[in-house]
Amino acid sequence: MQITRVQANYFTNPQANLHQIQSKQNYETQIPNNNNKNIPSNFRYNATIHFGEFFDPNRTVPHIDYEEYMAMQPHTKARFRKRYMTFDKRVNKDELVDLKMAYLPLKTERLMDEFIKTSKIYTKYKDQPIICLGRSPKWFLNAALWMKDGIDDYKFVAFSKFWHRPDPKEGMIRMNSVAPTEKEEAAYRKYLKRIKADPQTIVDNMEKTGKKTVITDYICSGKGACSFLDIMSRYADDLGILDKFAKSIQIVGIGSMEYMEDLNPYAEYISVPSVPMPEKLKPYKNEIKQEFYNMDYAMFKEMLINQNTNECRSTYYPHETWTIYKPDRFKTGLIHDIKKVKALVKELKSSGAKSMSSFTPAMYDYRNLLNFRILDGLYQRGLLKLSHHSKL
């Protein structure tokens, strides 16, 4: 389990800090007994439990991930279930991104069932490399990762915003005035190569295994994914492997047809959401397989439109920031002020910490409780893996 540490002083002595936290919070991660059969065999007590990027001793929600959940006793789970349902009564709403959506999602079992139904889509691709494009599919992929007979791994590729727009006559138009600069694009290519999500890695895997790489995203007009493929196709073309790259990918989209019909301005000329191809991939549009999966509208609004759910998924990474920070070091939600971003990055460098976050305590609680709810939902349905090794 990969845990980033925002405040390094909390982790200079993990064992002592863990003891202090457990004493103050009475957080039950107890040594297993013979009756506790749900804890993974490779779980190391008092060694791998570190309570997240930031921990305030006055708070009641520590870091909760797979290992922490599996170590919980039944009464601890009951306590966090109650905490989940009463979150909106306890939280400081001013610390949330969206004040109108102060409640946590998936409170009803019906919506949890719909969430799991969408997450199960990814089990169809368990034998293929999967790229999670941006933050949108991440909660679903996490659930698929924790699920019995689910996926074994996926690669998160930070990507935000777009520089294409749909046009009813010309298809997708590239808006050069708001597209990445050469310097930004060069920085993003380095990022893709570093995390092994670059076109060459995708092509090499296809030639070695015969497995296409799945690129998955929330799809409505497809303008965001089109912008990502614009970057990838330009990169592949410069490497001289554009043809091989186009034949090494497929697209899996998730979204809501009801949302398209009710609220989307492009609904009149988009029958089924898909990704229009950028200029360099237009000759291959019939070769790049695309699939779209519709989801329950109420669940869709809670998990993809709710800004609180959206902001605590992972790093916001528009092209204006590609030269400023690495997304796996700087965990941030939506920040419009680039000056503020630069100030935070400067603080990160001066502190010597491995990573930092701009999230408020309420947003940490939101994320950790949602992690708990998803893990608990899988557990209660007999769908939770008994052993999990991938790093999120």
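Here the structure is a predicted model, which means the values were calculated and not measured.

Cut-off values and rules
Residues numbered from 1 in each chain as written. Predicted model: local features only at pLDDT ≥ 70, side-chain atom pairs only at ≥ 80, totals over all residues. Heavy atoms only, no water. Axes fitted to C-alpha atoms, helices over the stretch in contact; angles between N-to-C directions. Helix = DSSP H or I, 4+ residues; strand = E, 2+ residues; numbered from the N terminus. Parallel < 35°, antiparallel > 145°, perpendicular 65-115°, else oblique. Contact = heavy atoms within 4.5 Å. Nonpolar A, V, L, I, M, F, W, Y, C, P; charged D, E, K, R; others polar. Phe/Tyr/Trp six-rings, centres within 6.5 Å; stacked < 30°, edge-to-face > 60°. Buried < 20%, exposed > 50% of the residue type's maximum accessible area, 1.4 Å probe, protein only. Polar contact = N/O pair within 3.5 Å; in protein donor to acceptor, adjacent residues only side chain to side chain. Pairing = 2+ DSSP bridges.

K.L.:
How should I be thinking about the packing of helix α7 (residues 182-194) against helix α9 (residues 223-239) in this particular structure?
P.N.:
Two measures define how a pair of helices packs: the angle their axes make with one another and the distance between the axes. Closest axis-to-axis distance for the α7/α9 pair is 11 Å, and the angle between their directions is 85°. Judged on the interaxial angle alone, α9 and α7 are roughly perpendicular. In contact with E185, Y188, R189, L192 and K193 of α7, α9 contributes F228, I231, M232, R234, Y235 and D238. Among the residues making up the contact of α7 with α9, the classes are represented as 6 nonpolar, no polar and 5 charged.

K.L.:
Looking at this structure, how should I read the packing of aromatic side chains?
P.N.:
For any pair of aromatic rings, geometry is given as the distance between the ring centres together with the angle between the planes. Per the counting criterion, the structure on display carries 19 aromatic pairs. With 6.1 Å between their ring centres and 40° between their planes, F159 and W322 make a pair best called tilted. Residue F159 is found in the loop between β2 (155-157) and β3 (164-167), and its partner W322 is found in the loop between α13 (307-311) and β8 (330-331); the two are separated by 163 residues along the sequence. Side by side, F159 and W322 carry an identical accessibility label, which is buried. Here a set of aromatic residues connected by ring pairs shows up, and it is made of F159, W163, Y188, Y191, F228, Y317, W322 and Y325.

K.L.:
Help me understand the environment of H319 in this model?
P.N.:
Relative to the elements of secondary structure, H319 occurs in the loop between α13 and β8. Residue H319 is classed as buried on the basis of its relative accessible area of 6%. Spatially, the C-alpha atom of H319 lies 7.9 Å from that of F159, the residues being 160 residues apart in sequence. From its side chain, H319 meets the backbone oxygen of V178 in a polar contact 2.9 Å long.

K.L.:
Just checking my understanding: could you explain the sheet that holds strand β1 (residues 130-133) for this structure?
P.N.:
For sheets, the rule is that strands pair by backbone hydrogen bonds, running either parallel or antiparallel. One open sheet accounts for 5 strands, arranged β2-β1-β5-β6-β7; its pairing is parallel. The sheet terminates laterally at β2 and β7 (290-294), the two strands that pair on one side only. Sheet twist, expressed as the mean angle between neighbouring strand axes with direction ignored, is 25°. Relative to β2, β1 runs parallel, the two sharing 3 bridges. Across the sheet, residue I131 finds its bridge partner in β2, namely K155. Lying over the sheet, α9 contacts β1, β2, β5 (213-218) and β6 (249-255), oriented at roughly 145° with respect to β5.

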